[in-house]
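Examination of the molecular architecture
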Amino acid sequence: MQSFKTFSNIDTVHGICEECNEDTILVAIVSEYYRCTNCGSDTRQHINGCIRYLKLSEKDKEIIKENG
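Now for a quick tour of the structure. This structure is a prediction, so every number in the text was calculated from the model and none was measured. (Residues numbered from 1 in each chain as written. Predicted model: local features only at pLDDT ≥ 70, side-chain atom pairs only at ≥ 80, totals over all residues. Heavy atoms only, no water.)

1. Let's talk about the overall build of the protein chain
- Helix and strand counts for the protein chain stand at two helices and five strands.
- When the helices and strands of the protein chain are placed in sequence order, the string is α-β-β-β-β-β-α.
- A burial count over the protein chain gives 25% of its 68 residues as buried.
- Contacts in the protein chain between residues far apart in sequence, at least 24 positions, make up 18% of those at least 6 positions apart.
- For the protein chain, the accessible surface area stands at approximately 5,000 Å², while carbon and sulfur atoms represent 48% of it. (Helix = DSSP H or I, 4+ residues; strand = E, 2+ residues; numbered from the N terminus. Buried < 20%, exposed > 50% of the residue type's maximum accessible area, 1.4 Å probe, protein only. Contact = heavy atoms within 4.5 Å. Areas by Shrake-Rupley, 256 points an atom, 1.4 Å probe, with all protein chains shown as cover.)

Here you go:
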């Protein structure tokens, strides 16, 4: 039963993936960075009046390597 409590703390969101353009579940890999469960693409959360998920830049990939 302990494993179910672990999975309840995983940050997931529902959104549109910029890579595959599908309405999908995105799973947090580090804060503000998510992976698409449909195509596996990594995205960055952007909030500016609405929430969008953007393709990662090389700088974003470095941040994930440093913090992941």
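2. Here's the deal with the environment of Y53
- Relative to the assigned elements, Y53 resides in strand β5 (residues 51-55).
- Sequence spacing of Y53 and G15 is 38 residues, and the spatial spacing of their C-alpha atoms is 7.4 Å.
- If we skip the residues at most four places from it in the chain, Y53 touches V13, G15, I16, E18, L26, Y34, T43, R44 and Q45.
- Engagement of the side chain of Y53 in a polar contact is seen with the side chain of Q45, the distance being 3.0 Å. (Polar contact = N/O pair within 3.5 Å; in protein donor to acceptor, adjacent residues only side chain to side chain.)

3. Considerations on the side chain of Q45
- Looking at the element boundaries, Q45 is found in strand β4 (residues 42-47).
- Classification of Q45 as buried rests on a relative accessible area of 17%.
- If near-sequence neighbours (up to four positions away) are discounted, Q45 is found in contact with E32, Y34, I51, R52 and Y53.

Function cannot be inferred from these measures alone, as they are strictly geometric.
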